[in-house]
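Structure assessment
Residue-level listing of the chains:
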There are 2 protein chains.
Amino acid sequence: MQSCYNTSLTTASESKVMAEPRISSIDGKLAEEFAVPSHVEEVKEKMATFARHHDAAGRRVVLITSGGTKVPLESRTVRFLDNFSSGRRGASSAEYFIDSGYAVIFLHRHRSLYPYTRMFSTINMLDALKFRGGEGASSNSGEVVVNQQVLPNIAKALKRYQEVKEGKLLLPIEFSTLSEYLHLLKAAAQALSTIGSKAMFYLAAAILSPLVKDWAPHAFVISFKLETDATILLDRAQRALDTYRHQAVVANVLDSRRGYVVVVTRDTQAELMVTEEDVEE
Amino acid sequence: MQSCYNTSLTTASESKVMAEPRISSIDGKLAEEFAVPSHVEEVKEKMATFARHHDAAGRRVVLITSGGTKVPLESRTVRFLDNFSSGRRGASSAEYFIDSGYAVIFLHRHRSLYPYTRMFSTINMLDALKFRGGEGASSNSGEVVVNQQVLPNIAKALKRYQEVKEGKLLLPIEFSTLSEYLHLLKAAAQALSTIGSKAMFYLAAAILSPLVKDWAPHAFVISFKLETDATILLDRAQRALDTYRHQAVVANVLDSRRGYVVVVTRDTQAELMVTEEDVEE
């Protein structure tokens with residue numbers, strides 16, 4: 001069965017007709033059908049302040065969405081429709097954008113991977129800690145140090161993390177449900193529309209990314225398309241560009257997603273491949 | 001809408017008829033309908049060795065299941081049906097069982113909370129680390145220590161974690177999908193059936209818990225029932241006991257789940273309540 005990450009709330013046939021009139025109607029119904037989280041206005045103000053500050057300092061600002069998106073199946077719910085996503089792409093991309101001089105708003109799902117800490121996500125932190133003076137220290141109050149044999153890159157990551165924190169270059173915003181995601185994405189787009197073309201959207205958690213262009217018309221928007229069928233990949237990416245008026249679509253195929261992507265713009269297609277060793281890193 | 005965590009793969013009406021003939025047929029079809037994970041035999045042998053070792057040392061062994069359970073919606077899948085569960089109950093229960101002299105097999109979902117580290121799950125580890133000799137150390141190779149102002153209980157947790165590891169009292173086994181969960185649960189039940197009534201099952205991730213009694217007929221089995229409607233709670237718990245032949249059902253209601261449970265056995269009902277302060281702890 002073919003599946004399409006970018007439109008995982010609609011069937012394939014629905015997504016084909018999801019053109020502009022439909023988009024506006026979704027936008028209009030957003031507040032009506034999805035409860036507005038109580039903290040949206042506060043978060044929006046925080047994001048606007050962040051954007052203005054970095055714009056004034058000559059920095060561009062990118063909003064990265066990251067992680068899967070849960071949809072509750074009942075009103076008082078214990079069950080969800082979920083999609084797979086550890087948030088690896090979003091978290092690592094945030095680091096690269098910061099290294100390239102951007103300030104980053106990181107709109108990520110609760111418990112998805114996080115910039116800088118993502119490197120240690122597979123390790124149980126307690127396995128990487130030891131008491132000073134060897135194990136089996138008899139008191140509960142000894143000094144606890146990181147065993148850098150277990151976490152060889154921790155000093156470098158910590159240093160960079162502290163620099164980024166010091167420079168206030170990363171604004172993390174968390175969501176859990178689709179409803180929160182939608183309202184926070186809208187708020188972010190509106191907050192960033194004040195800096196016009198200095199804003200970029202990098203939609204690694206791509207549900208309803210079409211709407212962004214309506215909310216922040218001058219921003220540079222990059223979205224993602226994951227297909228299971230390689231033969232329709234370019235066609236779908238091109239159609240997404242046309243329909244959603246994004247500047248670039250990063251497209252790949254499920255089976256080879258860690259080794260191959262093609263970056264599609266209106267006029268260009270650039271293929272990128274990485275080796276197994278790159279993937280390991 | 002009423003929902004029932006214990007049977008989240010079936011509708012309410014289906015669950016009513018899920019009596020013994022149905023159970024046997026599910027068991028029979030397990031390997032047929034859910035692919036057997038390649039590592040099941042290896043894990044089963046590990047669990048059997050663990051059980052025999054602790055049985056010989058005079059310890060009882062409890063299998064704890066923990067975390068939500070994903071069900072893939074397609075064969076090559078990016079979408080899942082999921083249920084909410086951080087794994088808090090399973091992870092904290094594991095600590096209490098170990099403190100009470102049990103050895104614990106911890107069958108938990110990937111990324112759910114983990115014994116001892118669960119206390120620090122809301123904290124970004126990099127926020128809790130610092131370089132020796134203050135921040136802003138200029139090299140990448142300095143010593144990294146835990147800031148015990150940020151993690152005041154880390155020394156105690158680390159000490160206990162190291163004792164438990166040293167004593168080999170905790171055997172963690174990880175699953176991601178329903179298919180893995182089912183086969184690993186069956187393997188665990190069979191591995192523990194060798195120690196008969198010295199084995200206990202504590203099914204905090206309760207999907208298809210009915211089957212356990214068939215796989216390990218002499219074990220003591222505790223399962224959980226979460227309802228949204230308080231008026232049917234006891235009736236449902238009692239029916240689960242009758243149908244599944246478990247020894248105890250821990251039942252609670254969604255809205256008050258952190259403050260109230262009732263432990264139902266064939267002859268007794270014991271209510272337990274905790275205050276808001278207890279919940280905070």
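Looking at an unreviewed UniProt entry, one finds chain A named DNA/pantothenate metabolism flavoprotein C-terminal domain-containing protein, with Etheostoma spectabile as its source organism. Looking at the Sequence similarities (unreviewed entry) heading of the UniProt record, one finds this comment for chain A: "Belongs to the PPC synthetase family."

Let's talk about the pattern of salt bridges
A full pass over the atoms with the stated rule returns 26 salt bridges over all chains. Between Asp242(A) and Arg266(A) there is a salt bridge; the shortest N-O distance is 3.9 Å. With a gap of 24 residues between them, Asp242(A) in helix H8 (residues 233-244) and Arg266(A) in the loop between strand E11 (260-265) and strand E12 (269-273) connect regions that are remote in the sequence. The partner of Arg118(B) in a salt bridge is Glu95(B), with the nearest N and O atoms 2.8 Å apart. Taken as a pair, Arg118(B) in the loop between strand E4 (103-109) and strand E5 (129-131) and Glu95(B) in helix H4 (residues 88-99) lie far apart in primary sequence, 23 residues in all. Of the two residues, Arg118(B) and Glu95(B), neither departs from the other in class, the shared state being buried.

Concerning the nonpolar core
The nonpolar side chains of a soluble globular protein tend to be buried, and buried together. If you look at the biggest cluster of nonpolar residues, it comprises 74 residues, and the most contacted ones within it are Val104(A), Leu129(A), Val104(B) and Leu129(B). Each of domain 1 (5-119 + 168-227) and domain 2 (230-236 + 247-281) of chain A contributes no fewer than three residues to this core. Other than its neighbours up to four places away in sequence, Val104(A) contacts Phe50(A), Val62(A), Ile64(A), Ala94(A), Phe97(A), Ile98(A), Leu169(A), Leu170(A) and Leu171(A).

Digging into the sheet that holds E4(B)
Residue and element names in this part refer to chain B. Strand order in the open sheet formed by 8 strands is E7-E4-E1-E8-E9-E10-E11-E12, and the pairing between neighbours is mixed. Each end of this open sheet is capped by a strand with a single partner; those strands are strand E7 (170-175) and strand E12 (269-273). The average angle at which neighbouring strand axes cross in this sheet is 15°, direction not considered. Inspection of the sheet shows E4 paired to E7 by 6 bridges, in the parallel sense. Across the sheet, residue Phe 106 finds its bridge partner in E7, namely Pro 172. Contacts from H4 reach strand E1 (61-66), E4, E7, strand E8 (199-203), strand E9 (220-227) and strand E10 (248-253) within the one sheet, and its direction differs from that of E1 by about 165°.

Section: helix H4 (residues 88-99) of chain A
All names here are of chain A. In this model, H4 (12 residues) spans 17 Å end to end at C-alpha, consistent with the 16 Å of a helix rising 1.5 Å per residue. Those residues of H4 lying buried are Gly 90, Ala 91, Ser 92, Ser 93, Ala 94, Glu 95, Phe 97 and Ile 98. Buried-residue contacts for H4 involve strand E1 (61-66), strand E4 (103-109), helix H5 (154-166), strand E7 (170-175) and strand E8 (199-203). Looking one or two residues beyond H4, the residue adopting positive phi is Gly 101, at roughly 95°.

Things to note about the side chain of Ser112(B)
Residues and elements named next belong to chain B. Looking at the secondary structure, you find Ser 112 in the loop between E4 and E5. Since its relative accessible area comes to 12%, Ser 112 is described here as buried. Within the structure, Ser 112 has its side chain in polar contact with the backbone oxygen of Arg 109 (distance 2.7 Å).

Some words on the pairing of E1(A)
Two faces belong to every sheet, and in a regular strand the side chains alternate between them. Residue and element names in this part refer to chain A. With 6 of 6 residues buried, E1 lies mostly within the body of the structure. Side chains Val 61, Leu 63 and Thr 65 project from E1 onto one buried face, and the interleaved Val 62, Ile 64 and Ser 66 project onto a second face that is buried too. Pairing of E1 with E4 involves 6 bridges; the strand directions are parallel. Bridging across to E4, Val 62 finds its partner in Val 104. The pairing of E1 with E8 spans 5 bridges and is parallel.

Topic: the pairing of strand E9 (residues 220-227) of chain A
All names here are of chain A. Extensive coverage of E9 is indicated by the burial of 7 of its 8 residues. Sheet analysis places E8 next to E9, joined by 4 bridges and oriented parallel. Each residue of the ladder has a partner; that of Met 200, found in E9, is Phe 220. Note: E9 against strand E10 (residues 248-253), 6 bridges, orientation parallel. Bridge assignment links Leu 226 to a residue of E10, and that residue is Asn 252. Handedness of the crossover joining E9 and E10 through H8 is recorded here as right-handed.

Some words on the packing of helix H3 (residues 40-56) of chain A against helix H6 (residues 178-193) of chain A
All names here are of chain A. Across the interface, H3 lies against H6 with an axial gap of 8 Å and an inter-helix angle of 35°. Once H3 is placed against H6, the crossing between them reads as right-handed. Note on element contacts: H6 touches H3 through His 183, Leu 184, Ala 187, Ala 188, Gln 190, Ala 191 and Leu 192, opposite Val 40, Val 43, Lys 44, Met 47, Ala 48 and Ala 51. For the contact of H3 with H6, the residue count by class is 10 nonpolar, 2 polar and 1 charged.

What about the packing of aromatic side chains?
Counted according to the given criterion, the structure contains 12 aromatic pairs over all chains. For the pair Phe175(B) and Tyr181(B), a centre-to-centre distance of 5.1 Å together with 55° between the ring planes defines the contact as tilted. Residue Phe175(B) shares its accessibility class with Tyr181(B), and that shared class is buried. Ring geometry for Tyr202(B) and Phe224(B): centres 5.0 Å apart, planes at 80°, overall edge-to-face. Placement of the pair is Tyr202(B) in strand E8 and Phe224(B) in strand E9, with a sequence separation of 22 residues. When its relative accessible area of 12% is taken as the criterion, Tyr202(B) is described as buried. Ring pairs connect the aromatic residues Phe97(A), Tyr102(A), Tyr202(A) and Phe224(A), which therefore count as one cluster.

Digging into helix H5 (residues 154-166) of chain B
Over its 13 residues, H5(B) runs 18 Å from end to end, which matches the ideal 18 Å to within 8%, given 1.5 Å per residue. What H5(B) keeps buried is the set Ile154(B), Ala155(B), Ala157(B), Leu158(B), Lys159(B), Tyr161(B), Gln162(B) and Val164(B). Residues of H5(B) that are buried in the fold lie against strand E5 (129-131) and strand E6 (144-146) of chain A together with H4, strand E6 (144-146) and E7 of chain B. Following H5(B) by one or two positions, Lys168(B) adopts a phi angle in the positive range, close to 50°.

A look at the sheet that holds E12(A)
Residues and elements named next belong to chain A. Spatial strand order, E7-E4-E1-E8-E9-E10-E11-E12: 8 strands in an open sheet with mixed pairing. This sheet does not close on itself; its edge strands, each paired only once, are E7 and E12. Each adjacent strand pair in this sheet contributes to an overall mean axis angle of 15°, direction not counted. Direction of pairing for E10 relative to E11: antiparallel, over a ladder of 4 bridges. Among the inter-strand pairings, Val 249 is bridged to a residue of E11, identified as Val 264. Sitting on the sheet, H8 touches E9, E10, E11 and E12, and the angle it makes with E11 is about 35°.

Cut-off values and rules
As a convention, each chain's residues are numbered from 1 in the sequence order in which they are written. Naming scheme: in the order in which they are written, chains are lettered from A and ligands are numbered from 1. For a predicted model such as this one, the threshold for reporting local features is a pLDDT of at least 70, and the threshold for listing and counting side-chain atom pairs is 80 or more; totals across whole chains, interfaces and linings nevertheless cover every residue. In computing side-chain properties, one takes all heavy atoms of the structure into account and sets aside hydrogens as well as water. UniProt positions are given in the numbering used here, feature names are shortened, and annotations may be inferred rather than shown by experiment. Criterion for a salt bridge: a side-chain nitrogen of Lys or Arg within 4 Å of a carboxyl oxygen of Asp or Glu. Helix and strand labels come from DSSP, where a helix needs a run of H or I of at least four residues and a strand needs a run of E of at least two; each type is numbered from the N terminus. Relative accessible area decides the class of each residue, using a 1.4 Å probe on protein chains only: under 20% of the type maximum gives buried, over 50% gives exposed, and in between gives partly exposed. Among buried residues, the Ala, Val, Leu, Ile, Met, Phe, Trp, Tyr and Cys ones that are joined through side-chain atoms within 4.5 Å form a nonpolar core. All the domain ranges listed were derived from an automatic or database domain assignment. Residues count as neighbours in contact if any of their non-hydrogen atoms are within 4.5 Å of one another. Paired strands are those between which DSSP finds at least two bridges. Note on method: axes are straight lines fitted to C-alpha atoms, helices fitted across the in-contact stretch only, with angles between N-to-C directions ranging 0 to 180 degrees. In this analysis, the expected span of each helix is defined as 1.5 Å times one less than the number of residues it contains. Whenever a nitrogen or oxygen atom comes within 3.5 Å of another N or O atom, the pair is scored as a polar contact, on the condition that within protein one atom can donate a hydrogen and the other can accept it, and that pairs from neighbouring residues in sequence are kept only if both atoms are in side chains. Handedness rule for crossovers: strands pointing away from the viewer, path from the first strand over the helix to the second running clockwise, crossover right-handed. Crossing handedness is defined as follows: a turn of the near helix away from the far one that is anticlockwise and smaller than a right angle gives a left-handed crossing, while the clockwise case is right-handed. Throughout this entry, Asp, Glu, Lys and Arg are counted as charged residues, while Ala, Val, Leu, Ile, Met, Phe, Trp, Tyr, Cys and Pro are counted as nonpolar. The remaining residues, Gly among them, count as polar. By convention, a stacked pair of Phe, Tyr or Trp rings (six-membered ring in the case of Trp) has centres within 6.5 Å and planes under 30 degrees apart, an edge-to-face pair has planes over 60 apart, and any other such pair is tilted.

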